[in-house]
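Chain by chain, the residues run as shown.
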Amino acid sequence: RLQEEYQPPKYTAINIPYYDSETYAVVDVAYTMLGKEYVWGGNYMELGDLLGNKSTTGTDCSGLCQYCYYKSGLMEETGIDGRWVTYSYSMYNNSNGKFVTLETAQAGDVVFTNFNSDGEPEHVMIYVQNNNNGSIKIIEAQQEGVPILERDVVYDSSTMKIRRLI
């Protein structure tokens, strides 16, 4: 569903629970991306892609996650390569980090969904918090025509997996 006139929420650090999470900085960076354009295959600003192309207008889902880890200073710890787009399945199969349950998820973890027939995820989002009502708050670059946004999604452990990259 396209969102016409999306207005990013006003953000202050006190809006985020789990402030003690090591990956809190990832969420902090993600909030600065709200409202930016979705660009398929886009890797944001200084990251660039294999050809050295750099988007200044927006990014896609995996580029958003990669950019947020890069800007937070955690990319080296994750083993994510900052020189080109890291696709959702690359982060999913990353040897660093571990899968976590919803109960142990922390702000800055990544949530994978839209698994293809080979079991590879085609979408990734940044986990913000558990709403304790069956839904989670995430930040995502969703699709063309929809700016990067924060929203609540129903969590389904059979179709979603959460991974802590560090």
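The structure presented is a predicted model; accordingly, all values stated were derived computationally and were not measured.

Novice: Can you help me understand the environment of L64 in this one?
Specialist: Relative to the helices and strands, L64 is located in helix 2 (residues 61–71). Under the relative-accessibility criterion, L64 is labelled buried at 1%. On a C-alpha basis, the gap between L64 and Y38 in space is 9.4 Å, while along the polypeptide they are 26 residues apart. Dropping the residues within four chain positions of it, L64 is found in contact with M33, T59, I126, I139, E140, A141 and I148.

Novice: Quick question: what am I supposed to make of the nonpolar core here?
Specialist: Considering soluble globular proteins, one finds that nonpolar side chains tend to be buried as a cluster. L64, C68, V110, V124, I126, I139 and I148 are the most contacted members of the largest nonpolar core, which has 27 residues in total. Listing elements by their share of this core, those giving two or more residues are helix 1 (24–32), helix 2, helix 4 (88–92), strand 4 (110–115) and strand 5 (121–130). Considering every element that reaches this core, the biggest residue donor is helix 2, with six residues.

Novice: Honestly, the state of the cysteines in this entry has me stumped. Any pointers?
Specialist: Here, the word disulfide means a covalent bond between the sulfur atoms of two cysteines. All told, the structure shown has zero disulfides when counted by the stated rule. C61 takes part in no disulfide bond, and the closest cysteine sulfur, belonging to C65, lies 6.9 Å away. When its relative accessible area of 8% is taken as the criterion, C61 is described as buried.

About the criteria used
Residues numbered from 1 in each chain as written. Predicted model: local features only at pLDDT ≥ 70, side-chain atom pairs only at ≥ 80, totals over all residues. Heavy atoms only, no water. Helix = DSSP H or I, 4+ residues; strand = E, 2+ residues; numbered from the N terminus. Buried < 20%, exposed > 50% of the residue type's maximum accessible area, 1.4 Å probe, protein only. Contact = heavy atoms within 4.5 Å. Core = buried A, V, L, I, M, F, W, Y, C linked by side-chain atoms within 4.5 Å. Disulfide = S-S within 2.5 Å.

Worth remembering: the numbers are spatial, not functional.
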